[in-house]
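Close look at the chain arrangement
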Amino acid sequence: MKQDIFARLIIAFMLACTGTIGGAYGACAQVVAFGASITRGKGVSVQEAYPARLEAMLRSKGVNVTVVNQGINGDTLQNMQNRMDRAVPQGTRVVILQVGAPNARQGKEEGGNFKNKVSSLRRRLEARGIRVIIVGGIRRIPGMSADLIQRDGIHPTAEGQAVLAEWLLPQVIHALK
């Protein structure tokens, strides 16, 4: 049932893109925000999470794009490797890769090295012709101050999600060229 719904959504997306009048960047491009709870928007509404904000910003600049939120709260590198092909469909042009904080804090995961697993994900995506933007520690993003992080000390507030979207905007525009 879930696969049937997913397949219908992909078909609807493809039809919408081919029927859309292209903006400055031509036909509808797909960007997938692939990650864990920060991507999902834990603690904020779906519209406040960076993928939705980024799509709105791109469209306001004339970029005909859909940004799909494939974030899962508590996701691990191992699970991301397992679900990547389902979460990132053919035709995706850019993936924003955000690895979960538990993995980053540990620096490794059972069965392998953290950096190697992130590199493996990146290589698999690039082998499909997809450009990859990696979101590392969000506290290193310019403008991401402590007051833009929720009380849990990990997840951005709605305003922090906006800062993240602003930071990603020029990178995604460049990657779509």
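Now for a look at the structure at hand. All chains use their own residue numbering, which begins from 1 and follows the written sequence. Local features in a predicted model are, by the rule used here, given only for residues with pLDDT of at least 70; side-chain atom pairs are given and counted only at 80 or more, and totals for whole chains, interfaces and linings are based on all residues. As a rule here, side-chain values cover all heavy atoms of the structure and leave hydrogens and water aside.

DSSP calls a pair of strands paired once it identifies at least 2 bridges connecting them. Strands here are runs of E lasting at least two residues and helices are runs of H or I lasting at least four, both read from the DSSP assignment and numbered beginning at the N terminus. One open sheet holds the 4 strands; their spatial order is β2-β1-β3-β6, and the pairing between them is parallel. A strand with exactly one partner marks an edge of an open sheet, and here the two such strands are β2 (65-71) and β6 (131-135). In this sheet, adjacent strand axes meet at a mean angle of 20° when their direction is disregarded. Of the strand pairs in this sheet, strand β3 (residues 92-98) and β6 are connected by 5 bridges, and their pairing is parallel. Axis angles are defined between N-to-C directions and span 0 to 180 degrees, where every axis is a line fitted to C-alpha atoms and, for a helix, only to the segment in contact.

Of note, Trp 167 is situated in helix α7 (residues 158-176). It only takes one pair of heavy atoms within 4.5 Å for two residues to be counted as in contact. Setting aside anything within four residues of it in sequence, one finds Trp 167 in contact with Ile 134, Val 135, Ile 141 and Pro 142.

Moving on, we come to the packing of helix α3 (residues 50-60) against α7. In contact at an axis separation of 8 Å, α3 and α7 are set at 50° when each is read in the N-to-C sense. When the axis of α3 is compared with that of α7, the two are oblique. Relative to α7, the crossing made by α3 is right-handed. For the pair α3 and α7, the contacting residues are Tyr 50, Arg 53, Leu 54, Met 57 and Leu 58 in the first and Ala 158, Gln 161, Ala 162, Leu 164, Ala 165, Glu 166, Leu 168, Leu 169, Val 172 and Ile 173 in the second. For this classification, under 35 degrees means roughly parallel, over 145 means roughly antiparallel, 65 to 115 means roughly perpendicular, and everything else is oblique. Put simply, a crossing is left-handed when the front helix is turned counterclockwise from the back one by less than a right angle, and right-handed when it is turned clockwise.

Nonpolar cores are built from buried Ala, Val, Leu, Ile, Met, Phe, Trp, Tyr and Cys residues. Side-chain atoms within 4.5 Å join them into one set. Only protein chains enter the accessibility calculation, which uses a 1.4 Å probe; a residue is then buried when its area is under 20% of its type maximum, exposed when over 50%, and partly exposed in between. Membership of the largest hydrophobic core comes to 29 residues, with the highest contact counts inside it found for Leu 58, Leu 168 and Val 172. Of all the secondary structure elements, the ones that give two or more residues to this core are β1 (29-35), α3, β2, β3, β6 and α7. Here the element with the most residues in this core is α7; it accounts for 9 residues. Filtering out sequence-adjacent residues up to four positions away, Val 172 remains in contact with Val 31, Leu 54, Leu 58, Ile 96 and Ile 133. Counting 16 residues, the second-largest nonpolar core is a separate cluster that includes Leu 77, Met 84, Leu 97 and Phe 114.

Take the pattern of salt bridges next. By definition, a salt bridge exists where a carboxyl oxygen of Asp or Glu is found within 4 Å of a side-chain nitrogen of Lys or Arg. Taken as a whole and assessed by the stated rule, the structure comprises 5 salt bridges. Arg 124 is the partner of Asp 85 in a salt bridge, and the nearest nitrogen-oxygen pair spans 3.4 Å. In this pair, Asp 85 sits in helix α4 (residues 77-87) while Arg 124 sits in helix α6 (residues 114-127), placing the two residues 39 residues apart along the sequence. With relative accessibility at 29%, the residue Arg 124 sits in the partly exposed group. Between Arg 122 and Glu 126 there is a salt bridge, with the nearest N and O atoms lying 3.1 Å from each other. Taken together, the positions of Arg 122 and Glu 126, both in helix α6 and 4 residues apart, correspond to about one turn of that helix. Through salt bridges with shared partners, one network takes in Asp 85, Arg 124 and Arg 128.

On to the packing of α4 against α6. It is the contact of α4 with α6, at a shortest axis distance of 10 Å, that shows an interaxial angle of 10°. When the axes of α4 and α6 are compared, the pair comes out roughly parallel. Between α4, through Leu 77, Gln 78, Met 80, Gln 81, Met 84 and Asp 85, and α6, the contact on the second element is made entirely by Phe 114, Lys 117, Val 118, Ser 120, Leu 121, Arg 124 and Leu 125.

A separate point is the environment of Val 94. Relative to the elements of secondary structure, Val 94 occurs in strand β3. In the structure, Val 94 is positioned 38 residues away from Val 132 in sequence and 5.8 Å away in space, judged by C-alpha atoms. Leave out the neighbours within four places in its chain, and Val 94 touches Gln 30, Val 31, Val 32, Ile 130, Arg 131, Ile 133, Ala 175 and Leu 176.

Coordinates in, geometry out; function isn't part of it.
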